[in-house]
Amino acid sequence: MAQPRYDHSVAGLGEANFEKLRTCKVLVVGAGGIGCELLKNLVLVGCEKLTVVDLDTIDVSNLNRQFLFRKKHVGKSKAEVAGEAIKRFNPNVEVEAIHGNIITNPLFKVDWFRGFDAVINALDNVDARRHVNRMCLAADKPLIEAGTTGFLGQVFCIRKGETACYECFPKPQRVVYPICTIRSTPSQPVHCVVWAKELFKLLFGDASASMLFDDPAAEGEPSSFASACAAVRTTSVDGASKAVGAALAALCDAEVKAQLALGTYKTAKKVPTPLSSPELTDGAASQPPSTITNRPADWDRAVWTAPQCSAEIAEVARELLSNDMKERLGSWEFDKDDEASMRFVAAAANLRCRVFHIDPLSLYEAKGVAGNIVPAIATTNAVVAGLQVLELLRLVEQKCILSEERTSLAEVGRYTYCQRFPTGRKCELLQPVALEGPQPTCYVCRNATIPVALDTNETTLQTFVDVVLKKKLGFIDPAVDKGNSGLVDSEDEGLARNLPLTLAKLPAGGVVNGTLLCVNDFQIDLEVNVEVRHKANKDFDEKANPERVDILTGAAAAPAVATHHDFISQNDENSEPAAKKARH
Ligand SMILES: Nc1ncnc2c1ncn2[C@@H]1O[C@H](COP(=O)(O)OP(=O)(O)OP(=O)(O)O)[C@@H](O)[C@H]1O
Ligand SMILES: [Zn+2]
């Protein structure tokens, strides 16, 4: 007899199925917004064997919705605190809490995944989801996947050979803005935020990689404001205000005047107005800098004036030029969670907006745009986590797990969409649809051959490994063979000499148009064939596709227009900048 605390579950499932649920070994990946709800649901429904993994520590901003955490837990491991909290809900629970990255921690091998009966994702990024998907396919374990974006959410199950996997359908691609829009004709705040991020790179990061480095009219020549910007980096802390003032004058005044004189805006609907020096330089020099102590309460929600923006930029420059930060100059990368870089981007985007008559953003709004942040809605997380547990109950009841006979998930599982407004004939907020089968074009679950077009005379093997195999196709430690000859293998030092060679010059006849490569990654137990197709670099649209690689089919080949298979996910870090994601 189960304990009375489980009466509700036994009433729904029956003794035998409840016993299976109680002893079912469940892995939860992620203990954030969805994860807290999910863990609470699992223990209340009666699951007693839980493992939870999260790489992060608790931030004060998590406390409004990640209700297993309290103020005193800030800075502590999410997995560990969540594990302790759910044990207080139900002391029968055996919970293993692991503070670690599910992708890189060596503990989480395929065999480790084999030790669970079901895996449930509560993640917020494509890379981790993709990785868990592959591990569950390799370990032949069911995965209950979920994501939310504001009021929208979805939940679905994945099982090897039975359903489509996470990677069967292309993900929406990053929105790429044309360089000319960013450099010359911004019309939305997001264009100004992208520009400000590029300016941050030009001033403090890898300047030559910034979109603003070259003069757009004279290829290879530095832009008109390059020297004023370079001077900021080389000045002293004391000289920072003056140097920033000069750089802002070059960017917001001289450059705009020069473009106007060139007739760039002759046919434009709105003509930019340069920001004159009194508003900028004097502001940078005389405005008191904001410090944590003198900021008004609504400082991050207010739209700063131009002089305030100049002062913030100067203050950030002073911070980054200071002795303890100096060694990072030239390598700074924008990070929305880094206070200084976010302040810089908010202020610079604001000035840019003013020049182009676009409504400027507050720091809070700029952070949302820059970090692609859609506010998390606690209710959506709760609904989605509830649906995940219902899917788990279905797996148990319908004998998809913990049973000698195995029902295919494709027959019983559901793909459920959470809508913001009632839709469809029955005006439902939750729309469950049948799961789709594995897609023949999927290289992950169907081992489909992946055609890849690139310039075989220009692309080195190193680039092929880094850009095509690791970045685009998600391999971690790929080994590459052409027929019987090994080309790449991290454990074979002799092969390292191949890496700087271009594909066509590789041994055994090179990798040329039509070559079939076998790529194997033991870490994720995945082997695929890659068919190389030669496409000269000059035939690529460099602006739309700066890496000059086309992945022609399968999960990595994203269409320009989003489809209903697009996975929406909480604050998905892989899609930036935001604002434009199509979905329904
Ligand atoms: N590779 C990974 N390994 C382990 N945990 C991960 C990995 N990637 C993401 N996570 C965890 O997944 C959780 C996702 O939860 P959520 O979307 O609520 O994110 P958050 O970081 O808590 O919130 P926000 O991004 O809104 O500040 C986070 O706690 C995050 O640390
Ligand atoms: Zn697939």
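Residues numbered from 1 in each chain as written. Chains lettered and ligands numbered in written order. Predicted model: local features only at pLDDT ≥ 70, side-chain atom pairs only at ≥ 80, totals over all residues. Heavy atoms only, no water.

S.K.: What is the right way to look at the overall build of the protein chain in this model?
M.R.: When its secondary structure is counted, the protein chain shows 17 helices and 16 strands. The C-alpha atoms of the protein chain give a radius of gyration of 27 Å, which matches the 25 Å a tight globule of 584 residues would have. Taking the principal axes of the C-alpha coordinates as reference, the protein chain spans close to 80 × 65 × 50 Å. By the burial criterion, 52% of the 584 residues in the protein chain qualify as buried. Considering only intrachain contacts with a sequence separation of at least 6, the fraction spanning at least 24 residues in the protein chain is 68%. For the protein chain, the exposed surface amounts to about 26,400 Å²; the carbon and sulfur share of it is 52%. Between the averaged position of the 65 positive side-chain charges in the protein chain and that of its 74 negative side-chain charges there is a distance of 4 Å. (Helix = DSSP H or I, 4+ residues; strand = E, 2+ residues; numbered from the N terminus. Rg over C-alpha atoms; globule rule 2.2 N^0.38 Å. Buried < 20%, exposed > 50% of the residue type's maximum accessible area, 1.4 Å probe, protein only. Contact = heavy atoms within 4.5 Å. Areas by Shrake-Rupley, 256 points an atom, 1.4 Å probe, with all protein chains shown as cover. Lys, Arg positive; Asp, Glu negative; His and termini not counted. Charge placed at Lys NZ, Arg CZ, Asp CG, Glu CD.)

S.K.: I'm lost on the pattern of salt bridges in this one. Help?
M.R.: Opposite charge on two side chains permits pairing when their charged atoms draw close. Counting across every chain of the model gives 25 salt bridges. Note that Glu 37 and Lys 40 form a salt bridge whose closest N and O atoms lie 3.1 Å from each other. Within this pair, Glu 37 and its partner Lys 40 are both found in helix 3 (residues 33-45), separated by three residues, close to a single helical turn. Accessibility classification places Glu 37 together with Lys 40 in one group, the buried group. One continuous salt-bridge network, built from bridges that share partners, spans Asp 140, Arg 159, Glu 162 and Arg 406. (Salt bridge = Lys/Arg side-chain N within 4 Å of Asp/Glu carboxyl O.)

S.K.: Please clarify how the coordination of the zinc ion (ligand 2) should be interpreted in this entry.
M.R.: The expected angle between donors at a tetrahedral four-coordinate metal is 109.5 degrees. At an octahedral six-coordinate metal it is 90 or 180 degrees. Protein coordination at the zinc ion (ligand 2) comes from Cys 165 (SG), Cys 168 (SG), Cys 442 (SG) and Cys 445 (SG), with a distance range of 2.2 to 2.3 Å. Because the angles between the four donor atoms bound to the zinc ion (ligand 2) fall within 94 to 118°, the donor set is best described as tetrahedral. (Donors = N, O, S within 2.8 Å, 3.2 Å for Na, K, Ca; no water. Tetrahedral: all angles 85-135°; square planar, octahedral: opposite > 155°, others 65-115°.)

S.K.: Got a minute to help me understand unusual backbone geometry in this structure?
M.R.: Most peptide bonds take the trans form, and the phi angle of most residues other than glycine is negative. Here the phi dihedral of His 357 falls at roughly 55°; this positive angle occurs in a residue that is not glycine. A relative accessible area of 39% means that His 357 is categorised as partly exposed. Of note, the phi angle at Asn 447 is positive, near 50°, even though the residue is not glycine. Turning to its location among the elements, Asn 447 is positioned in the loop between strand 10 (428-434) and strand 11 (450-454).

S.K.: Just checking my understanding: could you explain the sheet that holds strand 3 (residues 94-99) for this structure?
M.R.: Think of a sheet as strands paired side by side through backbone hydrogen bonds, with each pair either parallel or antiparallel. Taken in spatial order, the eight strands line up as 3-2-1-4-5-6-9-10 in an open sheet, and their pairing is mixed. Unpaired on one side and paired on the other, strand 3 and strand 10 mark the two borders of the sheet. Averaged over neighbouring strand pairs, the angle between their axes works out to 15° when direction is ignored. The pairing of strand 4 (residues 118-121) with strand 5 (residues 143-149) spans two bridges and is parallel. (Pairing = 2+ DSSP bridges. Axes fitted to C-alpha atoms, helices over the stretch in contact; angles between N-to-C directions.)

S.K.: I'm lost on helix 8 (residues 189-204) in this one. Help?
M.R.: An ideal rise of 1.5 Å per residue puts 22 Å on 16 residues; helix 8 measures up with 22 Å between its terminal C-alpha atoms. Across the 16 residues of helix 8, 14 count as buried, placing the element largely inside the fold. (Expected span 1.5 Å × (residues − 1).)

S.K.: I tried to follow the sheet that holds strand 12 (residues 479-482) on my own but got confused; where do I start?
M.R.: Strand order in the open sheet made by the six strands is 13-12-14-15-11-16, with mixed pairing throughout. Two strands bound the open sheet, and with one partner strand each, they are strand 13 (485-488) and strand 16 (550-551). Pairing geometry for strand 12 and strand 14 (residues 516-521), over three bridges, is antiparallel. Within strand 14, the position partnered with Ala 479 by the bridge is Asn 520.

S.K.: Would you take a moment to explain the confidence of the model for the protein chain for this structure?
M.R.: Note: predicted coordinates in regions of low pLDDT should not be interpreted at a detailed level. Considering every residue of the protein chain, the mean pLDDT works out to 88; 91% of them sit at 70 or more. Counted against residues more than four places away or in other chains, residues 558-566, with its pLDDT under 50, gives 17 contacts. Every residue in residues 570-584 is under pLDDT 50, and counting partners more than four places away or in other chains gives 52 contacts. (pLDDT = per-residue confidence, 0-100.)

S.K.: Teacher, can you tell me more about the packing of helix 8 against helix 9 (residues 226-234) here?
M.R.: The packing of two helices is summarised by the inter-axis angle and the distance between the axes. Between helix 8 and helix 9, the shortest axis-to-axis distance is 8 Å and the interhelical angle comes to 60°. With respect to each other, helix 8 and helix 9 are oriented oblique. Judged by residue contacts, Leu 199, Lys 201, Leu 202, Leu 203 and Phe 204 of helix 8 engage Cys 229, Val 232 and Arg 233 from helix 9. Residues belonging to the contact of helix 8 with helix 9 are distributed by class as follows: six nonpolar, no polar and two charged. (Parallel < 35°, antiparallel > 145°, perpendicular 65-115°, else oblique. Nonpolar A, V, L, I, M, F, W, Y, C, P; charged D, E, K, R; others polar.)

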